[in-house]
Amino acid sequence: MKKIFSLKFLIYFSIFSIILYSCKKDEKQDVSNPKDQQEISKEIAEAAKNPDSVEVEPVKESVSPMIQENGFYSGIIFPKDKKLRDSMYADFEKKYSAKDRYTILALNRLDSKFKRSADTLVIPATIDSTLMAYSPFPIQLDVLSKVKKFVIFSYPIQAYGVYSNGNLVKWGPTSMGKKAAQTTRGLTFANWKKKLAISTVDSEWKLPYNFNIHNSGGIGWHQYELPGYPASHSCLRLLMKDAQWLYSYADTWILNPGGATTKAKGTPVMVYGDYKWGGQKPWRKLLTDPNANNISVEEMEKLLGPLVDKMVKEQTNRDKVSDSISQAKSMEAQTIQDSGEIGN
């Protein structure tokens, strides 16, 4: 009888142990339930929003975070933390050559001095050192087909464009007049030029490759700092290479003897539009729309159409004056040569 009782007890104990083990196993599985994990993750995320409630270790980035890749442009966001910012700029400089960095900075309206001041850099998928692949200006404008040379500055996108007989030959970044000292809008003409001018605002400001377009106002284009926004005292700032190129490209005025009056005007120059002060920088919009900065042919035709006759008229007059001066010089040289031959 005792043996039977012992056998029954052993059987019941074994069954109870199996049931108890199964319950323990189920409890462990319940802890790892996905729903519970989501709740835990949610609590951590909420705690991270309140640094006073829990100390959260900052995420360390080993590569520059990219944003809004659209196949044409991507962006790098630079944090405020100096160490992380410096590290990311070091990665940027390793990834891109000096030539490529120059192009990227130009697209962001920056020069090398202000390369570390931007909080975001817009980067094209394909680097084109001429910038022509990213031109916001129409490649061809039939409305300007009769105009030999023309330079336009856009306030809205802080960029300049150059047209020869309606064909875009160059464009680039600029920094125009700040809000308190805006550049005069409208059609004007290039006047005089000087390789190194001194600013009338501050004598310590040296202006390489200065080309005046408003003689009385002392406004012109020249090389100077590009910080990524309109910052000048009315002038049109350019990168050094662009200032040198435009210095050679544009034509100056021609003065009457004595230099008091203008006999012929120089290359036509247009400054137009308004900048959205305090708003998002226009080139940042390229991250969501690669055509965000594009200026349509229709817009340009509407803007320039009424002014073409004036430009052609001044161009024709300058050609006549230039031809007349050239003929006079040729005759003078011939006279000197003839006098020398007679003397011999």
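Rules used throughout
Residue numbers run consecutively from 1 along every chain, following the written order of its sequence. Reporting in this predicted model follows two pLDDT cut-offs: at least 70 for local features of residues, and 80 or more for side-chain atom pairs to be given and counted; totals over whole chains, interfaces and linings ignore these cut-offs and use all residues. With hydrogens and water set aside, each side-chain value is computed from the structure's full complement of heavy atoms. Here, nonpolar core refers to any group of buried Ala, Val, Leu, Ile, Met, Phe, Trp, Tyr and Cys residues whose side-chain atoms link them within 4.5 Å. Burial classification: accessible surface area is computed with a 1.4 Å probe over protein chains only, and a residue below 20% of its type maximum counts as buried, one above 50% as exposed, and the rest as partly exposed. Contacts were defined at the residue level, with two residues in contact if any of their heavy atoms lie within 4.5 Å. Note on conventions: DSSP H or I runs of at least 4 residues are helices, E runs of at least 2 residues are strands, and numbering of each starts at the N terminus. Here pLDDT means the predictor's own confidence in every residue, given as a number from 0 to 100. Here, any two strands with at least 2 DSSP bridges between them count as paired. The axes are straight lines fitted to the C-alpha atoms, using for helices just the contacting stretch, and the angles between their N-to-C directions are given from 0 to 180°.

A. Structural view of the nonpolar core. In this structure, Phe137, Leu144, Phe150, Phe153, Tyr163 and Trp221 are the most contacted members of the largest nonpolar core, which totals 49 residues. Residues contacting Phe150, with those up to four places away along its chain left out, are Leu144, Gly161, Val162, Tyr163, Tyr249, Thr267, Pro268, Met270, Leu304 and Met311.

B. Fine view of the environment of Thr120. Tracing the backbone through its elements, the reader meets Thr120 in strand E3 (residues 120–124). Separated by 43 residues in the primary sequence, Thr120 and Ile77 place their C-alpha atoms 4.6 Å from one another.

C. Highlighting the confidence of the model for the chain. For the chain, per-residue confidence averages 82 on the pLDDT scale, and residues scoring 70 or more make up 78% of the total. Here residues 1–68 scores under 50 on pLDDT; set against residues more than four positions off or in separate chains, the count is 29 contacts.

D. Structural detail: the sheet that holds strand E4 (residues 150–154). On the basis of which strands lie adjacent, the open sheet formed by 5 strands has the order E6-E5-E4-E14-E7 and mixed pairing. The sheet is open, and its two edges are formed by strand E6 (167–173) and strand E7 (186–189), each paired on a single side. Looking at each pair of strands side by side, their axes are set apart by 20° on average, direction ignored. Where strand E5 (residues 159–164) and E6 come together, 6 bridges link them in antiparallel fashion. Its bridge partner being in E6, Ser164 is matched across the sheet by Asn167. The strands touched by helix H6 (residues 297–304) within the sheet are E4, E5 and strand E14 (268–272), with E14 carrying the most contacts at an inclination of about 115°.

E. Quick look at the side chain of Asp242. Mapped onto the elements of the fold, Asp242 is located in helix H5 (residues 240–249). With residues up to four places along the chain from it excluded, the contact list for Asp242 reads Tyr160, Lys170, Gly172 and Pro173.

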